[in-house]
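# Inside the fold
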Amino acid sequence: MALKGIKVIEFVGLAPGPFCGMLLADFGATVTRIDMNPRNSLDVLQGGKRSLALNLKQPKAIDMVRSLCSGSDVLIEPFRPGVMEKFGLGPSVLLQDNPRLIYARLTGFGQTGTHAVRAGHDLNYVALSGVLSMLGRKTNKPTAPINLVADFAGGGLMCAFGILAAIVERHRSGKGQIIDHAMVEGAAYVGSWLFRSQSLPVWGKARGENILDGGAHFYDTYETKDGKFLSVGAIENKFYRLLLEGLGLNADLPQFEDDEKRRELFEDTFKTKTRDEWMEIFNNKDACVFPVLTPDEVESYQHNLDRSVFVNYRQTEDDVLVPTPAPKLSRTPARSGATVKERSELEMAEEILSEIGMERKELVHLYEEGVLLLSNKPKM
C-alpha cells in the first residue's frame, strides 16, 4: 500500500486523532496506539492498528515510548498544551531523540492563543471558525452537521494532510518538524470556499435564504408519499427544466421567482408519489434528483455496489457498516482496517515491544511492575 513502511505512534483520544490514524493505517502505515487503559472500547476507528496500554506515570513506560518514537516516522497527540511535556515526551525531547520525527499536535484551539488551554468540542470549534453561523434554516438557530466539520474534516483529515506534506518535505531536508493543528483553523480552512465566495450571486442574503443553504426551492430535500426523501439540486436552468418536466409541471415556470410558492408546489407534488416511483421517472433524467438514502439502504444501492463504496459485511470483524477507504489508488489501493482480524492485547504487546528489543520475560516483569497494562496476566 502507498504508506507501507511508515511507522506512526498515535496517543489515545476520541474522534479526530483516531480518524487521522485510521486514514494513515488504511493506506498502509503501521499505526501503534498508546493507550492508558487496556481494552479501550470507545474507539470504533481502531481496526488495523496495534495498541499498547502503558502507565505513563511510570518512568519505564516513558522510556518505552521514547524508544518506540526513536524508530517511528510520525507521532499524533491530542492533548491540551503542556500535557506531553509533563510526561517528558514533548517535541524538544523526542525530536532530539529522532530528528526525522514528524510530531503532530491535534487540538481544538492550537498550542498558542487565548483559548489554547481551554476545553471544547466540535460545536465550539465550528462556532469560532465562523462556519457554524452559515449553517441552518432561516427560521432556526445555527445547526451543526453532527461533528463532521471540526472533528473529522477540519481535524483528523486536515492533520493527516499536514503529516503527508511533512513526509514529502522530509525527503528533501531529511528533517522532521512539529505540526500545530487546531480544529478551529481546520474548520475555517475547509470552509474556504464559503468565505471566499461571498461576493458571488449564490450568497448575499441572511442564513437560510441563499441558493445553497436551503433558501432555494430547487436546491433542497423533499418528502415523498411514503415518508422518505429526495434530494433536489437543479441549480442550472437546463436541469431545472428537466426537473419541472419530471414533476409534470409547467416547463415555463421562472426559476428565480416566488421561491416560497414554488417550494409549496414542489412539496405538494412530491408527496403524490413514493420515493421509488419518483426515481423511476428521474433515473433517466439529468435533473439532479437522487434519493436520500438511510444507513440501512446505502450498501445495497446499485451505484454504491458498482463502486464498492462500503466494505462487504462478510469481510469485517463486526457486523457494522464500514465505508471503503477513499480515494481509490490504481496501483496501491488502501484497505480498511475493519477487515483486519483483531489480535489479542498480549500478541500486539509482544510484537510492539520486540521492535525495541524486549523479550517475553521482560514483558511479564513490566506487567508485574504496573508499567504494561493488560486485562490478564501474561504467562512467562
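Here, the structure is the one placed above.
Notes on the structure in this doc start here. None of these values were measured; they are calculated from a predicted model.

### Quick notes on the nonpolar core
Counting residues in each nonpolar core, the largest one holds 36 residues, and the members touching the most others are Ile6, Val8, Leu24, Ala29, Val74, Ile76 and Ile163. Of all the secondary structure elements, the ones that give two or more residues to this core are helix H1 (16-26), strand E4 (74-77), strand E5 (102-107), helix H5 (122-129), helix H6 (148-173) and helix H7 (183-190). Apart from the residues within four sequence positions on either side, Ile6 is in contact with Ala29, Thr30, Asp73, Val74, Ile167 and Arg170. Leu52, Val65, Met84 and Leu353 belong to the second largest nonpolar core, which has 27 residues in total.

### Focus on the side chain of Thr269
One can find Thr269 in helix H11 (residues 259-270). Discounting residues that sit within four places of it in the chain, Thr269 has contacts with Leu247, Leu249 and Trp278.

### Quick word on the environment of Lys60
Along the chain, the position of Lys60 falls in helix H2 (residues 59-70). Owing to a relative accessible area of 42%, Lys60 belongs among the partly exposed residues under this scheme. Sequence-distant contacts of Lys60, that is, excluding residues within four places in its chain, are made with Leu366, Glu369 and Val371. A polar contact is formed between the side chain of Lys60 and the side chain of Glu369, at a distance of 2.9 Å.

### Things to note about helix H15 (residues 360-368)
Among all positions of H15, only Leu363, Val364 and Leu366 are buried. Viewed end-on, H15 has its buried residues packed into an arc of 160 degrees, placing them on one side of the element. Looking at the buried residues of H15, the elements they touch are H2 and helix H14 (345-354). One or two steps after H15, the chain reaches Gly370, where phi turns positive at roughly 80 degrees.

### Comments concerning the sheet that holds strand E7 (residues 219-223)
Taken in spatial order, the 3 strands make up an open sheet running E7-E8-E9, and their pairing is antiparallel. Only two strands of the sheet have a single neighbouring strand rather than two, namely E7 and strand E9 (289-291). Averaged over all pairs of adjacent strands, the angle between strand axes in this sheet comes to 25 degrees, irrespective of strand direction. Note that E7 and strand E8 (residues 229-233) share 5 bridges and pair antiparallel. From the neighbouring strand, Glu223 faces E8, where its bridge partner is Phe229. Lying over the sheet, H11 contacts E7 and E8, oriented at roughly 40 degrees with respect to E7.

### A look at the layout of surface pockets
Approximately 530 Å³ is the volume attributed to the second largest pocket. What lines the second largest pocket is a set of 24 residues, among which Pro78, Gly120, His121, Tyr125 and Met183 lie closest to the centre.

### Remarks on unusual backbone geometry
Cis geometry marks the peptide bond from Ala326 to Pro327, where omega comes out at 0 degrees. For Pro327, the location among the structural elements is in the loop between helix H13 (302-307) and H14. Although it is not a glycine, Ala15 sits at a positive phi angle of roughly 65 degrees. Mapped onto the elements, Ala15 comes out in the loop between strand E1 (7-11) and H1. The class of Ala15 is buried, set by a relative accessible area of 19%. With a phi angle near 55 degrees, Ile146 is a residue other than glycine that sits in the positive phi range.

Thresholds, definitions, all that
- Residues numbered from 1 in each chain as written.
- Predicted model: local features only at pLDDT ≥ 70, side-chain atom pairs only at ≥ 80, totals over all residues.
- Heavy atoms only, no water.
- Core = buried A, V, L, I, M, F, W, Y, C linked by side-chain atoms within 4.5 Å.
- Buried < 20%, exposed > 50% of the residue type's maximum accessible area, 1.4 Å probe, protein only.
- Helix = DSSP H or I, 4+ residues; strand = E, 2+ residues; numbered from the N terminus.
- Contact = heavy atoms within 4.5 Å.
- Polar contact = N/O pair within 3.5 Å; in protein donor to acceptor, adjacent residues only side chain to side chain.
- Arc of directions from axis to C-beta.
- Pairing = 2+ DSSP bridges.
- Axes fitted to C-alpha atoms, helices over the stretch in contact; angles between N-to-C directions.
- 1 Å grid on protein atoms, 1.4 Å probe; cavity = no way out; pocket = protein on both sides within 12 Å on 5 of 7 lines; lining within 4 Å.
- Points joined across faces, edges and corners; volume = space filled by probe spheres on them.

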